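Examination of the molecular architecture
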Amino acid sequence: MKETIVKRIDEDTIRNRIIEMAGQIDRDYEGKKLHMACVLKGSVYFACELSKHLKVPVTIDFMSLSSYGDGMTSQGVITLNQDLTQSIAGKDVLLVEDIIDSGWTLFYVENMLLKREPASFEVCTLLSKTARRETDVFIKYTGFEIEDYFAVGYGLDYAQKYRNIPYIGELQFKEEQ
């Protein structure tokens, strides 16, 4: 099988939407300090670009979770590989994700982080795939609603490949001839 990528959302469209999102976040957090809790590895491109356009004071921390392994579908088991290094108690926390599809990873993370008593907690994702949603989750800031395809690029990967593509693409498999 040959892997091919079909461009779905170009780099300029992504950048412009992130700038819009940063403006909305700035308005919502005016006069506050924002603590971004970013989910590695996929959200790092999005989180860095978003933070560059925010005007409110920002601190950033990272956590690593896995549910896909090297496949194209979630294995249904969420593993915390690396926890946040800073306390979020009393902070205005914005969880930054690359993509939310079934919602189970977000459900797990949100429940875990809310027990740590942040002053506020909201979710920001670059991509949302509501067609695959299996649990009820609230996402305050969404970059793009996408159809049910396997997205790669701009931090999203397939078996650790394609993260560095500067756009969002659809991974497709074709029979080699």
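**Quick word on the packing of aromatic side chains**
For the structure shown, the criterion picks out four aromatic pairs. Seen from their ring centres, Y158 and F173 are 5.6 Å apart, and the 75° between their planes marks the pair as edge-to-face. Note that Y158 is positioned in the loop between β8 (151-152) and β9 (168-174) and F173 in strand β9, a separation of 15 residues in sequence. A relative accessible area of 15% means that Y158 is categorised as buried. For F173, a relative accessible area of 29% translates into the label partly exposed. It is K7 that lies over the ring of Y167; its NZ or CZ is 4.8 Å from the centre. The lysine or arginine in question, R8, covers the ring of Y149, its NZ or CZ lying 4.0 Å from the ring centre.

**What to know about the pattern of salt bridges**
For the structure shown, the criterion picks out 10 salt bridges. The salt bridge partner of E170 is R8, with a shortest N-O separation of 2.7 Å. Here the residue E170 occupies a position in strand β9, and R8 occupies one in strand β1 (residues 2-9), the gap between them amounting to 162 residues. Assessed through its relative accessible area of 14%, E170 is described here as buried. A cluster of three or more residues bridged by salt bridges with shared partners is formed by R8, E147 and E170.

**Some remarks on the sheet that holds β9**
Ordered in space as β1-β9-β8, the three strands form an open sheet in which the pairing is antiparallel. Every other strand in the sheet has two partners, leaving β1 and β8 as the edge strands with one partner each. Sheet analysis places β8 next to β9, joined by two bridges and oriented antiparallel. Opposite A151, over in β9, you have E170 as the bridge partner.

**Things to note about the environment of R133**
By secondary structure assignment, the location of R133 is in the loop between β6 (120-128) and β7 (141-145). Accessibility expressed as a relative area gives 23% for R133, which makes it partly exposed. Along the sequence, R133 and I100 sit 33 residues apart, while their C-alpha atoms lie 8.1 Å from each other. Apart from the residues lying within four places of it in its own chain, the contact partners of R133 are I100, D101, S102, G103, S128 and I139. Reaching out from R133, the side chain makes a polar contact with the backbone oxygen of D101 at a distance of 2.6 Å.

**Here we look at the side chain of T125**
Examined against the element boundaries, T125 turns out to sit in strand β6. Reaching out from T125, the side chain makes a polar contact with the backbone oxygen of E97 at a distance of 3.5 Å. Separated by 2.9 Å, the side chain of T125 and the backbone oxygen of L127 make a polar contact. Residues within four places of T125 in sequence aside, it is in contact with M21, F46, E97, D98, I99, I100, I139, Y141, T142 and G143.

Calculation criteria
- Residues numbered from 1 in each chain as written.
- Predicted model: local features only at pLDDT ≥ 70, side-chain atom pairs only at ≥ 80, totals over all residues.
- Heavy atoms only, no water.
- Phe/Tyr/Trp six-rings, centres within 6.5 Å; stacked < 30°, edge-to-face > 60°.
- Helix = DSSP H or I, 4+ residues; strand = E, 2+ residues; numbered from the N terminus.
- Buried < 20%, exposed > 50% of the residue type's maximum accessible area, 1.4 Å probe, protein only.
- Lys NZ or Arg CZ within 6 Å of the ring centre and 35° of its normal.
- Salt bridge = Lys/Arg side-chain N within 4 Å of Asp/Glu carboxyl O.
- Pairing = 2+ DSSP bridges.
- Contact = heavy atoms within 4.5 Å.
- Polar contact = N/O pair within 3.5 Å; in protein donor to acceptor, adjacent residues only side chain to side chain.

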